[in-house]
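Working through the structure, step by step
Here is what each chain is made of, one letter per residue.
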Amino acid sequence: MECAAKGSGGRCGGSGSGGATRLCARCEAVAYCSLSHQIAHWSRHKHECDRLQQQLKSVEVLNNFPFTFSRESTFQVCVKQETRCSFFSKRGLHQVGMWMHECHCGASSTSFDCLGLNNGWDLPSSLCPCCEPSSPVSEQLHCWRDYYKWRCIPLDSPVALLLQWPLTIYHAARLVGITALNPEISDKLYIHYLGPEKELLQLAVFGELLALFPGVRIHIELVGPAIPPQRDGEMIHISKYPCCNEDECECKIGSKNTFLETQSGITSTLTLQLWQGFYHDRYRDIVKDSFPHLIIAPNGGIAAYSSWLPSIELIKKIDVPVVFTDYCEEACHLAANCIKTVTGSPLKLPVQLNPFRQPMAVEDSVLLLPCYSNCYLFGM
């Protein structure tokens, strides 16, 4: 673990393999490499110490998932009894397809130039949603257990690790009152999706939106600096779910190697368009054909990047529901303060736990609080 005072002046002694080991005795959420760094950092830490102490009390709730692998992917990852690499290796998914960058070694070997090309689950059909659901989605999916039951997937399947993206969109839409039955979206739903990064290598999982919003044509604008300049403006049409690894499964019939299409003239239920750059810079181009019903910014890091400020000002002006997510409650708290400073208004959607957060802890978090992708959400 990194020293909480790293980067605030003076050489940090906790950068070695042992990391920072001196805990704050009050909150136990941050650690330091030395007493001197802890004392030097107190002027800053004292404003967050009590808040972090309260947040640490929610650890059991954060780690509460229904999966058979939950302890392995939460507690054991946090205390380094397990790693992401070992988790995926046990399941034959390490550095494979869409799973490739879910660990550090895979992330370093992939490129956004190849986005969307790894399009299969690399799992048996019994463990993944590779075909149409057996019944239409119910009016409410409240949690991962509800989703797995609806999709007839056993709780030892790891697909939730990737399905966090479409299920978070589904949950965010419901929170702001958008469902497949809304007359205002008619038969088409426009979503502006801000700041995509690693999900660009997992675009095939967005096909699950076909099942979550039946009968609705969905158009998602993916906007962010991580999109390669040469892919700017590209349209990707998704008409099927990611395939399983069984050659005889019905998901392969007539669709081999054609899950993601980028040719022009294809009509699809789900269309993704790529925009390279910041939202406030590309907005005028985007809304010529796509004014949003919903704006979503997963794992936004609002307080960490000043580039968000003009985008927040823009979103305030256009008055469209927007949902942000982040890795922990503290990041959301800081983001809420940042948004209030820019807009002068409190959050319309208060900070709350996302039931469809990724069920695997982030490794080597700066805080001793469990962090999960899409962990908490809030909105303006």
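Residues numbered from 1 in each chain as written. Predicted model: local features only at pLDDT ≥ 70, side-chain atom pairs only at ≥ 80, totals over all residues. Heavy atoms only, no water.

Per an unreviewed UniProt entry, the chain carries the name MYND-type domain-containing protein and comes from Glycine max.

1. With respect to the overall build of the chain
Worth spelling out the cut-off: Secondary structure follows DSSP: runs of H or I at least 4 residues long count as helices, runs of E at least 2 residues long count as strands, and numbering of each begins at the N terminus. For the exposure calls, accessible area comes from a 1.4 Å probe over protein chains only, and a residue counts as buried if that area is under 20% of its type's maximum, exposed if over 50%, partly exposed in between. By definition in these notes, contact holds between two residues if any of their heavy atoms fall within 4.5 Å.
Within the chain, the regular secondary structure consists of 13 helices and 11 strands. Within the chain, the fraction of its 380 residues that count as buried is 53%. Relative to all contacts within the chain whose residues are 6 or more apart in sequence, the contacts with residues 24 or more apart total 76%.

2. Describing the packing of helix α11 (residues 279-286) against helix α12 (residues 308-318)
Our working definition: The convention used is that axes are lines fitted to C-alpha atoms, helices contributing only their stretch in contact, and that angles between N-to-C directions extend from 0 to 180 degrees. Relative orientations are named as follows: roughly parallel for angles under 35 degrees, roughly antiparallel for angles over 145 degrees, roughly perpendicular for angles from 65 to 115 degrees, and oblique for any other angle. As a working rule, the residues Ala, Val, Leu, Ile, Met, Phe, Trp, Tyr, Cys and Pro are called nonpolar, Asp, Glu, Lys and Arg charged, and the rest polar, with Gly in that last group.
Closest axis-to-axis distance for the α11/α12 pair is 9 Å, and the angle between their directions is 40 degrees. Looking at the two axes, α11 sits oblique to α12. Mapping the contact onto sequence places Tyr279, His280 and Tyr283 in α11 and Pro310, Ser311, Leu314, Ile315 and Ile318 in α12. Residues that form the contact of α11 with α12 fall into these classes: 6 nonpolar, 2 polar and no charged.

3. Some details on the packing of aromatic side chains
This is how the line gets drawn: Put simply, two rings from Phe, Tyr or Trp (the six-membered ring, in Trp's case) pair if the centres are within 6.5 Å, and we call them stacked under 30 degrees between planes, edge-to-face over 60, tilted for the rest. Consider the ring centre and the ring normal. A charge sits over the ring if Lys NZ or Arg CZ is within 6 Å of that centre and within 35 degrees of that normal.
One pass over the structure, following the stated rule, counts 19 aromatic pairs. Pairing Phe67 with Trp144 gives two aromatic rings, centres 6.3 Å apart and planes at 55 degrees, and the pair type is tilted. Separated by 77 residues along the polypeptide, Phe67 in the loop between α3 (59-62) and α4 (70-73) and Trp144 in helix α8 (residues 144-150) bring together distant segments of the chain. Overall, Phe67 belongs to the buried group, its relative accessible area being 5%. In this structure Trp144 comes out as buried when scored by relative accessible area, which is 1%. When the centroid spacing of 5.7 Å and the interplanar angle of 75 degrees are considered together, the rings of Tyr193 and Phe206 count as edge-to-face. Residue Tyr193 is located in strand β3 (residues 188-194), and its partner Phe206 is located in the loop between β3 and α10 (209-212); the two are separated by 13 residues in the primary sequence. With respect to burial, Tyr193 and Phe206 carry one shared label: buried. Over the ring of Trp150 we find Arg151; its NZ or CZ atom is 5.6 Å from the centre of that ring.

4. With respect to the nonpolar core
We count it as follows: Working definition of a nonpolar core: buried Ala, Val, Leu, Ile, Met, Phe, Trp, Tyr and Cys residues. They are joined through side-chain atoms within 4.5 Å.
Ranked by size, the top nonpolar core spans 98 residues in total, and within it Trp121, Trp144, Tyr147, Phe206, Ile220 and Tyr279 carry the most contacts. Setting aside anything within four residues of it in sequence, one finds Trp121 in contact with Leu93, Met98, Trp99, Cys128, Pro129, Val159, Leu162, Leu163, Val205, Pro242 and Cys243. Counting 14 residues, the second-largest nonpolar core is a separate cluster that includes Ala4, Cys27, Val30 and Leu52.

5. Details of the state of the cysteines
Basically, it comes down to this: Criterion for a disulfide: a pair of cysteine sulfur atoms at a distance within 2.5 Å.
For the structure on display, the rule yields 0 disulfides. Free cysteine Cys131: the closest other cysteine sulfur is in Cys130, separated by 3.7 Å. Unpaired in this structure, Cys328 has its nearest cysteine sulfur neighbour in Cys371, at a distance of 4.3 Å. Judged by relative accessible area, Cys328 falls into the buried class, the value being 8%.

6. Regarding the environment of Leu353
Mapped onto the secondary structure, Leu353 falls in strand β10 (residues 349-353). Here the alpha-carbon distance between Leu353 and Thr325, two residues 28 residues apart in the chain, equals 9.5 Å. Discounting chain neighbours no more than four positions away, the residues touching Leu353 are Val61, Leu62, Cys375 and Tyr376.

7. Structural notes on the pairing of strand β4 (residues 217-224)
As a reminder of what qualifies: By this definition, two strands are paired if DSSP reports at least two bridges between them.
The buried fraction of β4 amounts to 7 of the 8 residues, a majority that puts the element mostly inside the structure. Here β3 runs beside β4; their pairing, made up of 7 bridges, is parallel. Of the residues in β4, the one forming a bridge with Leu194 is Val223. In this sheet, strand β7 (residues 270-276) lies alongside β4 in parallel orientation, the contact comprising 7 bridges. Looking across to β7, one finds that Glu221 is bridged to Gln273.

8. Here we look at the pattern of salt bridges
Where charged atoms of side chains with opposite charge meet at close range, the side chains can pair. Defined as follows: By convention in these notes, a salt bridge is any Lys or Arg side-chain nitrogen within 4 Å of a carboxyl oxygen on Asp or Glu.
Going through the model one piece at a time under the given rule, you end up with 11 salt bridges. As a salt-bridge pair, Lys198 and Glu102 come within 3.4 Å of each other at their nearest N and O atoms. Of the two residues, Lys198 sits in the loop between β3 and α10 while Glu102 sits in the loop between α6 (84-90) and α7 (104-107), which places them 96 residues apart along the sequence. Taking the shortest distance from any N to any O, the salt bridge between Asp285 and Arg282 comes out at 3.7 Å. Taken together, the residues Asp285 and Arg282, both in helix α11 and 3 residues apart, mark about one turn of the helix. Overall, the relative accessible area of 34% leaves Asp285 in the partly exposed class. Several salt bridges share partner residues, and in doing so they unite Glu72, Glu82, Lys90 and Arg91 into one network.

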